[in-house]
Amino acid sequence: MDTAIWFEWLTAGTALLCALLALAWLGFNRQLMNLFSIPYAAGAGVVARRNGALFLGVAVILWSVPTPADPAMRHMIGAGIGTACATLALLGAFEFRNRRAGTWIWSAVATEFALAVAFFAACI
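Residues numbered from 1 in each chain as written. Predicted model: local features only at pLDDT ≥ 70, side-chain atom pairs only at ≥ 80, totals over all residues. Heavy atoms only, no water.

1. Considerations on the layout of surface pockets
Which parts of space are left empty comes out when a probe the size of a water molecule is rolled across the atoms. A volume near 1000 Å³ is recorded for the largest pocket. Lining of the largest pocket is provided by 34 residues; of these, Trp 25, Asn 51, Phe 55, Leu 88 and Glu 112 occupy positions nearest its centre. Sorting the residues of the lining of the largest pocket by element identifies α1 (3-27), α2 (29-35), α3 (42-63), α4 (71-97) and α5 (105-123) as the ones contributing at least two each. The dominant element in the lining of the largest pocket, judged by the number of residues it contributes, is α3, at eight residues. The residue inventory of the lining of the largest pocket, partitioned by class, reads 26 nonpolar, five polar and three charged. (1 Å grid on protein atoms, 1.4 Å probe; cavity = no way out; pocket = protein on both sides within 12 Å on 5 of 7 lines; lining within 4 Å. Points joined across faces, edges and corners; volume = space filled by probe spheres on them. Helix = DSSP H or I, 4+ residues; strand = E, 2+ residues; numbered from the N terminus. Nonpolar A, V, L, I, M, F, W, Y, C, P; charged D, E, K, R; others polar.)

Okay, here's the thing in structure tokens:
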């Protein structure tokens, strides 16, 4: 598959995922935290809703990437999103290891790791 077309599908799919995560964190943060076995507190809810706003911004950025994206843009987007996803995956594993998150965190870690690999591959 042509790299530009593959990148278009990657950014569009990730934009949709980020938009769904934004809605989830904005509207159902207590349930998501419960899914990950993280105790809910009012301060955590504030941070979770703010996290939703960031996901919404990332969704808009990824949806707005021109198609076909030029190699320099693929590198910038791929490096940025890849780094964010890799960091999130590492943090998820770290929180599980330190017993601050339950086993469902591995669903997020696996998704973040896969996206990191895909976006880093788009950088090349």
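Having seen the model, we can carry on.
2. Some remarks on the side chain of Glu 112
Structurally, Glu 112 can be placed in helix α5. In this structure Glu 112 is buried but unpaired, with Arg 100 as the nearest side chain of opposite charge at 14 Å. Contacts of Glu 112, omitting those with residues within four sequence positions, involve Cys 85, Leu 88 and Ala 89. (Buried < 20%, exposed > 50% of the residue type's maximum accessible area, 1.4 Å probe, protein only. Lys, Arg positive; Asp, Glu negative; His and termini not counted. Salt bridge = Lys/Arg side-chain N within 4 Å of Asp/Glu carboxyl O. Contact = heavy atoms within 4.5 Å.)

3. Details of a nonpolar patch on the surface
On the surface, a nonpolar cluster with roughly 320 Å² of combined accessible area is contributed by Leu 16, Leu 20 and Leu 23. Note that Leu 20 resides in helix α1. (Patch = residues over 30% accessible without salt bridge, like charges linked within 9 Å, V, L, I, M, F, W, Y side chains within 5 Å. Areas by Shrake-Rupley, 256 points an atom, 1.4 Å probe, with all protein chains shown as cover.)

4. Some thoughts on the nonpolar core
Counting residues in hydrophobic clusters, the biggest one holds 15 residues, and the most contacted among them are Cys 18, Trp 25, Leu 32, Phe 36, Phe 55, Ile 105 and Val 109. Those elements giving two or more residues to this core turn out to be α1, α2, α3 and α5. Ranked by residues supplied to this core, first place goes to α1 with four residues. Not counting residues within four places of it along the chain, the set of residues in contact with Phe 36 comprises Trp 25, Ala 101, Gly 102, Trp 104, Ile 105, Ser 107 and Ala 108. Phe 7, Val 65, Cys 85 and Ala 122 belong to the second-largest nonpolar core, a separate cluster that totals 13 residues. (Core = buried A, V, L, I, M, F, W, Y, C linked by side-chain atoms within 4.5 Å.)

5. Thoughts on the packing of aromatic side chains
Under the criterion given, the structure shown has two aromatic pairs. Both rings, one in Phe 7 and one in Phe 119, keep their centres 6.3 Å apart while their planes meet at 85 degrees; by these two values the pair is edge-to-face. Taken as a pair, Phe 7 in helix α1 and Phe 119 in helix α5 lie far apart in primary sequence, 112 residues in all. Taking the centre distance of 5.3 Å and the plane angle of 70 degrees together, the rings of Phe 96 and Trp 106 count as edge-to-face. Of this pair, Phe 96 sits in helix α4 while Trp 106 sits in helix α5, and the two are ten residues apart along the sequence. One residue, Arg 30, lies across the ring of Tyr 40, its end atom 3.9 Å from the ring centre. (Phe/Tyr/Trp six-rings, centres within 6.5 Å; stacked < 30°, edge-to-face > 60°. Lys NZ or Arg CZ within 6 Å of the ring centre and 35° of its normal.)

6. Considerations on α3
With 22 residues, α3 ought to run about 32 Å at 1.5 Å a step, and its terminal C-alpha atoms sit 32 Å apart, in line with that. The set of residues buried in α3 consists of Gly 45, Ala 48, Gly 52, Phe 55, Ala 59 and Leu 62. Projected down its long axis, α3 carries its buried residues within an arc of 95 degrees, all on one side. The outward face of α3, more than 90 degrees from its buried face, is lined by the exposed residues Val 47, Arg 50, Leu 54 and Ile 61. Check the buried side of α3 and you find it contacts α1, α2 and α4. (Expected span 1.5 Å × (residues − 1). Arc of directions from axis to C-beta.)

7. Re unusual backbone geometry
The phi angle at Ser 37 is positive, at roughly 60 degrees, despite the residue not being glycine. Among the structural elements, Ser 37 can be located in the loop between α2 and α3. For Ser 37, a relative accessible area of 49% gives the class partly exposed. Non-glycine residue Arg 99 carries a positive phi angle of around 60 degrees. Along the chain, the position of Arg 99 falls in the loop between α4 and α5. Residue classification places Arg 99 among the exposed positions, given a relative accessible area of 77%.

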